[in-house]
Amino acid sequence: MLENYDKVLEKISKYSGLEKGEIEKKIEAKRAKLSGLISKEGAAQVVAAELGISFDNEKLKIEELLPGMRKVNFVGKVIEISPVREFIKNDRKGKVVNLFLSDETGNIKTILWDLNHIDLIEKNKIKEGDVVEISNASVRGNEVHLGSFSELKLSEEVLGDVCTEKLFREKEINELGVSDNIKVRAFIVQIFEPKFFNVCPECKKKASIQEGNFFCNTHGKIVPEKRCVINFIIDDGTETIRAVLFNENLKEFGISLENFSEKKDEFLGKELYFLGSVRKNKFFNVNEFIIEKIEEINLDELIEKMGKINH
Ligand SMILES: [Zn+2]
């Protein structure tokens, strides 16, 4: 995300003739005015608009698509199409379908709401593997949305190696809403004792105990699988959030129940990258970060990145 921000900054500088430092000051002032309710990228968009710079007529790369952007145009290869879903809202029937579009810089979930666009999918006129051109779409969170004023059509463009790997966007904790594919660099400041529970081996739902036997609501009497969950708190200097690490991912970090207390000491106070999705915990009414992956910080890369930002 920092790289994207840097690119937008460069673009604003190029179009406005202002120094990057000066633009950054404007962006920070905008954020301060909005009490930090807006991300750096969002504030950059506002500043760009105020300077009369528009990205309207420009074809953007997928990694350049930032939350809050309107009227964006880009080209992408369809790498996945979800089944068309129907819904009813205000007594009217609607349909929605998700495409995953990809270019050499990244990939993004793209949501079609317009029946004319969805028709193209249903009639197989646009299918997986096709390259499409999108105009006049908007970016909300990490998704592109196409309404009835947006355009979707097949493109003549040939895209070579597209990026199909799931991409995580770097964010600060105070910017996290409920969202997918987030990457945060933070310190582990607290680790709680692991919790154990039993799940049904078939549907993986929590099992209940009745008279010493385990039961699943769907599958009846079962021999349960043991699961484990570890909660911890991470802090990146902007805020803290509760992170949740499940069974399946524990092994990847070399954590087992036997070595937990040893590993706990090793991990506590460590700065790492955390990748995953933010979900609302309805019971406690707080957001929690469901971790899919933890990565070590590569200091060389980081220093290089910082260098780019400061120059
Ligand atoms: Zn079950």
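For clarity, every value in this text was computed on a predicted model and none was experimentally measured. (Residues numbered from 1 in each chain as written. Predicted model: local features only at pLDDT ≥ 70, side-chain atom pairs only at ≥ 80, totals over all residues. Heavy atoms only, no water.)

**Digging into the coordination of the zinc ion**
Within the protein, C200 (SG), C203 (SG), C216 (SG) and H219 (ND1) serve as the donor atoms for the zinc ion, at 2.1 to 2.3 Å. Around the zinc ion, the 4 donor atoms sit at angles spanning 103 to 115°, and that spread fits a shape best called tetrahedral. Read in sequence order, the donor residues for the zinc ion give the motif C-x2-C-x12-C-x2-H. Taken together, the residues span a long stretch of sequence, with C200 in the loop between β11 (195–199) and β12 (208–210) and H219 in the loop between β13 (213–216) and β14 (220–222) at a distance of 19 residues. (Donors = N, O, S within 2.8 Å, 3.2 Å for Na, K, Ca; no water. Tetrahedral: all angles 85-135°; square planar, octahedral: opposite > 155°, others 65-115°. Helix = DSSP H or I, 4+ residues; strand = E, 2+ residues; numbered from the N terminus.)

**Digging into the nonpolar core**
A general tendency of soluble globular proteins is for nonpolar side chains to be buried together. Counting residues in each nonpolar core, the largest one holds 36 residues, and the members touching the most others are I27, L65, V72, F74, L112 and V144. Excluding its chain neighbours within four sequence positions, the residues that come into contact with L112 are K95, V96, V97, L99, H117, I118, I121, L146 and L152. By size, the runner-up hydrophobic cluster in this structure holds 24 residues, among which are I173, C228, A243 and V278. (Core = buried A, V, L, I, M, F, W, Y, C linked by side-chain atoms within 4.5 Å. Buried < 20%, exposed > 50% of the residue type's maximum accessible area, 1.4 Å probe, protein only. Contact = heavy atoms within 4.5 Å.)

**What about a nonpolar patch on the surface?**
A cluster of nonpolar residues, F283, F284 and V286, forms a patch on the protein surface that exposes about 380 Å² of accessible area. Among the structural elements, V286 can be located in strand β18 (residues 286–295). (Patch = residues over 30% accessible without salt bridge, like charges linked within 9 Å, V, L, I, M, F, W, Y side chains within 5 Å. Areas by Shrake-Rupley, 256 points an atom, 1.4 Å probe, with all protein chains shown as cover. Salt bridge = Lys/Arg side-chain N within 4 Å of Asp/Glu carboxyl O.)

**Considerations on the domain arrangement of the chain**
Split into domains, the chain comes out as domain 1 (1–54), domain 2 (56–167) and domain 3 (169–310). Each of domain 1 and domain 3 has a C-alpha centre, and the two are 33 Å apart. (Domains from an automatic or database assignment.)

**Thoughts on helix α4 (residues 115–122)**
When we look at burial in α4, the residues that qualify are H117, I118 and I121. The arc enclosing the buried residues of α4, seen along the axis, measures out at 95°, which places them on a common side. Its buried side turned inward, α4 meets β2 (72–81), β4 (92–103), β5 (106–112), β7 (143–146) and β8 (151–154). Residue D114 occupies the N-cap position of α4, its side-chain oxygen lying 3.0 Å from the main-chain nitrogen of N116. Looking one or two places after α4, you find N124, whose phi comes out positive at around 65°. (Arc of directions from axis to C-beta. Polar contact = N/O pair within 3.5 Å; in protein donor to acceptor, adjacent residues only side chain to side chain.)

**Some words on the sheet that holds β12**
With antiparallel pairing, 3 strands are arranged side by side in an open sheet as β12-β13-β14. Both edges of this open sheet fall to β12 and β14, since each of them pairs with a single strand only. Adjacent strand axes in the sheet meet at a mean angle of 50° when their direction is disregarded. Across 3 bridges, β13 lies against β14 in antiparallel orientation. Considered in β14, the bridge of F214 is made with I222. (Pairing = 2+ DSSP bridges. Axes fitted to C-alpha atoms, helices over the stretch in contact; angles between N-to-C directions.)

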